[in-house]
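Topology and contacts: notes
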Amino acid sequence: MKLILKTRMITALVVGLTLSQAGASGPSLAQQPEVGLSVTKTAFEKIDMLMDPLDVLSGGLAAVTDADSLQAVMDRDLRFSGLFSTFWSDDEVPGEAALQYTIEGTVEGPLRDQRLTGEAQPTTVSLNLLTYPERQLILNKRYRPLPDQMRATAHHFASQVIEMLTGEPGLTMTRIVFSRGSDKRRDLYAVDYDGANLLRLTANRRLNLCPSWSPDGQEVAFTSYRDGQQGLYGLDTATGQVRLIIALEGLNYGADWHPSGKELLLSLSHVGNPELYRIRPDGTQIKRLTVSPSIECSPSWSPAGRDVVFTSDRTGTPQLYIIDSDGAGWRRLTFYGRYNESARWSPNGEKIVYATREGDFTQVVLMKATGEDRRVLTDLSWRNCEDPSWAPDGRHIVFASDRTGVFKLYVYDVVEDSFRQLTFGSDPDITPDWSR
């Protein structure tokens with residue numbers, strides 16, 4: 001049995017493998033109009049937050065629009081975290097709500113008119129977090145955003161609120177990078193965690209796949225055919241410049257950054273079948289981790305950078321294994337599912353999420369890093385679900401699913417068993433990676 005590397009949709013283009021029966025896709029659906037989906041199965045205790053409409057002190061209609069945008073983004077950020085329930089002061093608050101905090105603030109539009117000056121002028125925004133009903137001030141932030149910085153301002157304040165009140169890292173400043181397109185042309189895109197600010201990162205009319213954020217968010221490593229041969233490249237997120245990392249004969253695929261940002265894991269096949277290697281960001285080799293007649297691929301570092309989880313078909317079917325950073329200490333992790341791949345460690349190292357094929361469809365599975373407490377997150381209504389990636393809060397994952405007939409990205413809350421659709425449109429979106 002041949003191991004299908006990473007994503008069934010791109011296997012033939014990447015490594016020239018023939019799809020085996022174990023990895024063959026089910027019957028395709030005609031593309032259907034997409035709709036946003038939101039389902040919650042389980043409710044958990046949350047912090048009740050009162051959202052007080054921001055006071056507009058000056059700036060006219062433009063300032064009112066900015067205030068509305070700030071409020072809407074902050075409200076969505078808190079709810080999307082899964083840690084808050086929000087209520088508006090001009091609505092009737094349910095009697096069971098136990099309001100503990102309130103957000104209020106002011107917006108002052110610029111005194112100089114942009115139409116007269118020809119230059120964008122900053123708005124003054126003051127945002128406050130207070131206890132309720134005592135109104136004790138516990139957080140105050142003052143911003144001077146330009147018109148295109150309003151969403152970032154709201155994201156930043158919401159992140160501060162989440163971390164202060166829960167001790168959990170906020171997701172509001174994070175982004176998700178992924179591959180979009182079909183056939184032999186796929187480009188990289190990035191989008192805010194809430195689905196806004198879609199940005200195209202590549203436009204080389206080639207196949208660009210499997211992006212991976214560096215820990216500091218300054219670079220995205222990805223596999224591409226931009227120069228004709230498959231290679232691993234790095235994209236500078238500030239300038240958009242692309243550099244070659246490594247391009248050996250054969251496979252250069254599935255890179256994952258070490259938590260230190262000083263090396264990468266990937267699968268190379270220049271000496272035969274695909275094996276795992278550690279390389280530096282300049283492409284020089286550090287160590288070959290595996291030596292086997294089987295195929296090893298889809299590696300992922302543990303949060304501490306001491307262990308590696310990956311897929312191997314050494315026992316006949318693709319299963320998950322763990323080795324240490326020197327290639328020793330082999331142990332098999334999965335024994336269920338006839339095809340397991342795309343494993344990723346949770347940020348705290350306690351859990352692993354991966355994709356499994358059993359029957360006609362691929363589903364997403366969550367389990368302890370020891371292999372215990374296996375829990376299938378998706379069901380057959382999702383059709384195929386692939387390439388899960390953790391958010392830095394260890395609560396949310398993003399993955400690709402063709403539940404609407406075309407692969408799009410979805411964010412799943414593993415605590416509440418709720419989800420929301422992240423990307424839309426008619427082009428397939430695959431191989432997402434969540435920034436840290």
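Our structure's up above, just so we're on the same page.
These remarks concern the structure in this document.

Cut-offs and rules
- The written sequence of each chain sets the order in which its residues are numbered from 1.
- Reporting of local features is limited, given that this is a predicted model, to residues whose pLDDT is at least 70; pairs of side-chain atoms are given and counted only at 80 or more, and all residues count toward the totals for whole chains, interfaces and linings.
- The basis for the side-chain values is all heavy atoms of the structure; hydrogens and waters are excluded.
- Stacked, tilted and edge-to-face are the three classes assigned to paired rings of Phe, Tyr and Trp, where Trp is represented by its six-membered ring and a pair needs centres within 6.5 Å; plane angles under 30 degrees give stacked, over 60 edge-to-face, the rest tilted.
- Think of it this way: any DSSP run of H or I at least four residues long counts as a helix, any run of E at least two long counts as a strand, and we number them from the N terminus.
- Classification of residues uses two cut-offs on accessible area relative to the type maximum, computed with a 1.4 Å probe and protein chains only: under 20% is buried, over 50% is exposed, and between them is partly exposed.
- Two conditions define a charge located above a ring, namely a distance within 6 Å from the ring centre to NZ of Lys or CZ of Arg, and an angle within 35 degrees of the ring normal.
- Any two residues whose heavy atoms approach within 4.5 Å at even a single point are treated as in contact.
- Two N or O atoms form a polar contact when they lie within 3.5 Å of each other; inside protein one atom must be a possible hydrogen donor and the other a possible acceptor, and for residues adjacent in sequence the pair counts only when both atoms belong to side chains.
- Here a cavity denotes a set of grid points, spaced 1 Å apart and computed over the protein atoms alone, in which a 1.4 Å probe fits but from which it cannot get out, and a pocket denotes an open set meeting protein on both sides within 12 Å along at least five of seven lines; residues with an atom within 4 Å of a point are reported as lining.
- Grid points are joined across faces, edges and corners, and a volume is the space filled by probe spheres set on the points.
- Each residue is assigned to one class: nonpolar for Ala, Val, Leu, Ile, Met, Phe, Trp, Tyr, Cys and Pro, charged for Asp, Glu, Lys and Arg, and polar for all the others, Gly among them.
- Paired strands are those between which DSSP finds at least two bridges.
- One less than the number of residues in a helix, times 1.5 Å, gives the span that helix is expected to have.
- Salt bridges are counted wherever a side-chain nitrogen of Lys or Arg sits within 4 Å of a carboxyl oxygen of Asp or Glu.
- Only buried residues count toward a nonpolar core, which is a set of Ala, Val, Leu, Ile, Met, Phe, Trp, Tyr and Cys residues joined through side-chain atoms within 4.5 Å.

Summed over the entire model, instances satisfying the criterion amount to 12 aromatic pairs. An angle of 85 degrees between the planes, with centres 5.2 Å apart, marks the rings of W382 and Y410 as edge-to-face. Placement of W382 in the loop between β26 (375-376) and β27 (385-390) and of Y410 in strand β29 (residues 408-413) is noted, with a sequence separation of 28 residues between them. Classification of W382 by relative accessible area gives buried; the value is 4%. Classification of Y410 by relative accessible area gives buried; the value is 0%. Aromatic ring contacts, followed pair by pair, group W382, F399, Y410, Y412 and F419 into a single cluster. Above the face of the Y233 ring, R226 is positioned so that its terminal group lies 5.7 Å from the ring centre. The positively charged end of R403 is found above the aromatic ring belonging to W382, 4.3 Å away from the centroid.

For S81, the position within the fold is in the loop between α2 (60-80) and β4 (84-88). Accessibility expressed as a relative area gives 9% for S81, which makes it buried. Residues S81 and S159 lie 78 residues apart in sequence; the distance between their C-alpha atoms is 9.6 Å. If near-sequence neighbours (up to four positions away) are discounted, S81 is found in contact with I162, R395 and H396. A distance of 2.6 Å separates a polar side-chain atom of S81 from the backbone oxygen of L78.

The next point concerns empty space enclosed by the protein. All told, the structure shown has 2 cavities of 30 Å³ or more when counted by the stated rule. Roughly 30 Å³ of volume is contained in the second largest cavity. Among the residues making up the lining of the second largest cavity, the classes are represented as 5 nonpolar, 1 polar and 1 charged.

Now for the side chain of T378. Mapped onto the elements of the fold, T378 is located in the loop between β26 and β27. Within polar-contact distance, the side chain of T378 engages the side chain of Q363 at 2.5 Å. Polar contacts involving the side chain of T378 include one to the main-chain amide nitrogen of V364, which spans 3.1 Å. If near-sequence neighbours (up to four positions away) are discounted, T378 is found in contact with Q363, V364, C385 and F399.

Where a strand is regular, its side chains alternate between the two sheet faces. Counting buried residues in β29 gives 6 out of 6 residues, a clear majority hidden from the surface. Of the two faces of β29, both are covered, the one formed by K408, Y410 and Y412 as well as the one formed by L409, V411 and D413. Relative to β29, strand β28 (residues 396-401) runs antiparallel, the two being bridged by 6 bridges. Within the sheet, the bridge partner assigned to H396 lies in β29 and is D413. Joining the antiparallel neighbours β28 and β29 is a turn of 6 residues, in which G405 adopts a positive phi near 105 degrees. By the bridge criterion, 4 bridges tie β29 to strand β30 (residues 418-421) in an arrangement that is antiparallel.

Under the 1.5 Å per step criterion, the end-to-end length of helix α4 (residues 150-166) is 24 Å for 17 residues, consistent within 8% with the ideal 24 Å. Taken together, the buried positions of α4 are M150, R151, T153, A154, H155, F157, A158, S159, V161, I162 and L165. Backbone geometry just after α4 places G167 at a positive phi near 75 degrees.

Within the structure shown, the criterion is met by 18 salt bridges. Between R185 and D187 there is a salt bridge; the shortest N-O distance is 3.6 Å. Overall, the relative accessible area of 31% leaves R185 in the partly exposed class. Of the charged contacts, one joins R314 and E296 as a salt bridge, the two residues approaching to 3.3 Å between their closest N and O atoms. Placement of R314 in the loop between β20 (307-312) and β21 (319-324) and of E296 in strand β19 (residues 296-301) is noted, with a sequence separation of 18 residues between them. A relative accessible area of 35% means that R314 is categorised as partly exposed. A relative accessible area of 0% places E296 in the buried class. One connected set of salt bridges, linked through shared partners, spans K46, R395, D413 and E416.

Within the largest apolar cluster, 25 residues are counted, with the highest numbers of intra-cluster contacts made by M49, I103, L129, F157 and V161. Elements with a minimum of two residues in this core: β2 (47-51), α2, β5 (99-108), β6 (124-131), β7 (137-143) and α4. Aside from chain neighbours lying at most four places away, what touches M49 is L78, F84, S85, T86, F87, L99, Y101, T102, I103, L129, V161 and L165. If you look at the next biggest cluster of nonpolar residues, it comprises 21 residues, including F178, V191, V411 and L422.

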